[in-house]
Structure formats: C-alpha cells, structure tokens
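Each chain is listed here by its residues.
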Amino acid sequence: MDIIIIGAGVIGASLAFEAANLGTSVTVLNAGERVSGTSGTSFAWVNAHGKTPRDYQRLNDAGIDTHQELQARFPHHRWLHLTGSAEYRHPHDAPALAAKAQQLTAWGYPTHWLDKETLLAREPALARDAVPTTPVLWCEREGWLNTRLYIETLLDGVIDGGGSVATTTPVASIIRQGNRFTGVILASGRALYADRVVNCCGRWADCPLFQPDLAPPLSSTAGLLVRVPSAAAPVRHVLITPTFDIRPDGPDQGAPYP
Ligand SMILES: Cc1cc2nc3c(=O)[nH]c(=O)nc-3n(C[C@H](O)[C@H](O)[C@H](O)COP(=O)(O)OP(=O)(O)OC[C@H]3O[C@@H](n4cnc5c(N)ncnc54)[C@H](O)[C@@H]3O)c2cc1C
C-alpha cells in the first residue's frame, strides 16, 4: 500500500514511522522545513492530568506507556524526559487542585502531595517566596518531550525504511475519486498518487484548498512559548504554576534512555 501523509509535525511523523514499520510505502509532504509547525513551539508536557472524561484520561495515560515503548527503541536519541511534574496553585485554588488529585487517585493514576520544603529541595533554583505553603501535586509518570529530536528521529527512520520526506513542499489540493482520496496536487502543480492520503496538518488541517467538506471543525487557541537560557540554574522537572508553566529544555538533558 502507498500512503501520502500531509504534514510532518508530531502527528504526521508518528503516523509515517508506524506506517513504514508496517511495510507501507510512505511519502511525507511538509509545507515548511522540518519541525516548522506547532510541534516546534510546543511546551510538550507529556501528561494524563486534568483530562476528562475518564476515557480521554485513559487514552492519555496509555500514550505515556506508548511513548516509553517507542523511546526504548532509540536509546541514543533521548527525547522523552519523564521527570515528574509538580503543580501548585494559589491558596484560593487549592480545593480545585485537591478535587483533581482525588479524581486521579480514584482512577488509579499515581499522584502524591509534596510540601513546600520537599519541592524546594527538588528545585533549588525556585524562589522560596514564589512557592505557596499549600500542598504541591506531584505526578510521577509525567514529563516533557523534545519534539525536534522526536520528529527528526522518526522522519529519519521513515527514510531509512525506504520512504520519502519532502520539506518545503506544500500541498495545494487533494485528489478525490468518489469517496476515496487518491493523491495530491502540489503547489508546484505536480500530481502524486497513492492508495491513501492522510491530512496531518494540525491547525492548518481545515485549509479550504483541501475541499470544504474535508475540513475538520477546528478552533485555534493562542499560546506563548518563551525559551530562556539558564545554564546556571536550570529547573529539573515540569512545573505547573499559577502564572506560567516551566520546564527544562535542550538536547543534553540526562543520560541515554535505559
Ligand atoms: C505554546 C504551546 C504549548 C503547547 N503545550 C502542549 C503541551 O504541553 N502538551 C501537549 O500535548 N500539547 C501541547 N501543545 C499542543 C501541541 O503542540 C500540538 O497539538 C501538536 O504539536 C500538533 O501537532 P501536529 O502534528 O498536529 O501539527 P503541527 O506540528 O503544526 O504540524 C503540521 C504540519 O503540517 C504542515 N502543513 C500545513 N499545511 C500544509 C500543506 N498545505 N501542505 C503540506 N504541509 C502542510 C505544517 O508545515 C506543519 O509542519 C502546545 C501548543 C502550543 C502552541
């Protein structure tokens, strides 16, 4: 089977890698350079936390397991950093955090409470005054993903398996034969054909050029990601705070994956 995947973010790269491993002939087409979409500016918190209803939480929890399984296949490309996450709130929001923890515990998701001193021992770079005295929710299964390394490694795996990855190759429209999607027209005018076409364009997936009835109902929200050099006092875990979330970054976080 031949498959064309439009978009090479975390979704397109993951699908392409899995399809190639199943013996599918894969062509990935991406409008920009590698890691140029939302995945390149993501906070990339890997978590199953604050997710409802139960089935959605279970899906996210299973996702953490799958991340670990995939990472274990690439011990020398460490993109997954399951450092644990710590969440603290203003005192007036503490009851809502307690209710969330109670639900996670009822669902069998491992959490526990840290006191202020324990968090400060784990995160010595935090300003003492910035951490409230209310309990801190610790979720040990969680962490963050180096999305660039993840995407680059999986796309390289697709190429190694005989597939192709074309960057700066925007798709202008999708070719349709009845109810089947059998190819794409590139912005250059060239047509490519396949047995299946998958739209992995993230926030651009509802592009009207892809035929209006193919557009999934999307609703974009704004996010802001700031990268700050901090070699002298890096944070060590994912921290979810009342004002912003913060985590480590960079290629050298930790030893090769066990
Ligand atoms: C600030 C911020 C923080 C976030 N934090 C988290 C978080 O903590 N945890 C979490 O799980 N998620 C988080 N997200 C969301 C997450 O990053 C996205 O859901 C995810 O990266 C989307 O991946 P994707 O592969 O669907 O899309 P993208 O990464 O956007 O990839 C889509 C690709 O499609 C390509 N494309 C578009 N149109 C075309 C075309 N016509 N032809 C060819 N290619 C095309 C684009 O160039 C792009 O490379 C965050 C997002 C932001 C912005």
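So, here's what we can say about the structure. Since the model is a prediction, treat every value here as computed from it, not as a measurement. (Residues numbered from 1 in each chain as written. Predicted model: local features only at pLDDT ≥ 70, side-chain atom pairs only at ≥ 80, totals over all residues. Heavy atoms only, no water.)

## What to know about the site of the ligand
And then number 1: With respect to spatial proximity, 29 residues lie near the ligand, and among them Asn30, Thr38, Ser39, Ser42 and Trp45 are the closest.
And then number 2: Between the ligand and the protein, one listed contact pairs an oxygen atom with a side-chain N or O atom of Ser39 at 2.5 Å.
And then number 3: Phe43 is positioned with one of its backbone polar atoms (N or O) 3.4 Å from a nitrogen atom of the ligand.
And then number 4: Burial of the ligand by the protein amounts to 74% of the accessible area it has alone, namely 1,000 Å².
And then number 5: Per-class residue counts for the shell around the ligand are 16 nonpolar, 13 polar and no charged. (Near = heavy atom within 4 Å. Polar contact = N/O pair within 3.5 Å; in protein donor to acceptor, adjacent residues only side chain to side chain. Areas by Shrake-Rupley, 256 points an atom, 1.4 Å probe, with all protein chains shown as cover. Nonpolar A, V, L, I, M, F, W, Y, C, P; charged D, E, K, R; others polar.)

## A few points about the sheet that holds strand E10 (residues 171-177)
Paired through their backbone hydrogen bonds, the strands of a sheet run either parallel or antiparallel.
And then number 1: Taken together, the three strands give an open sheet; going across it, the order is E10-E11-E12, and neighbouring strands pair in antiparallel fashion. Pairing within the sheet leaves two strands with one partner each, and these edge strands are E10 and strand E12 (191-193). For this sheet, the mean inter-axis angle between neighbouring strands, taken without regard to orientation, is 30 degrees. (Pairing = 2+ DSSP bridges. Helix = DSSP H or I, 4+ residues; strand = E, 2+ residues; numbered from the N terminus. Axes fitted to C-alpha atoms, helices over the stretch in contact; angles between N-to-C directions.)

## Quick word on the sheet that holds strand E2 (residues 25-29)
And then number 1: The parallel open sheet is built from four strands, whose spatial order is E9-E2-E1-E13. Strands at the two margins of the open sheet, each flanked by one partner only, are strand E9 (164-166) and strand E13 (196-199). Taking the axes of each pair of neighbouring strands and ignoring which way they run, one obtains an average angle of 15 degrees across the sheet.
And then number 2: Two elements, strand E1 (residues 2-6) and E13, share four bridges in a ladder whose sense is parallel. Its bridge partner lying in E13, Ile6 is registered against Asn199.

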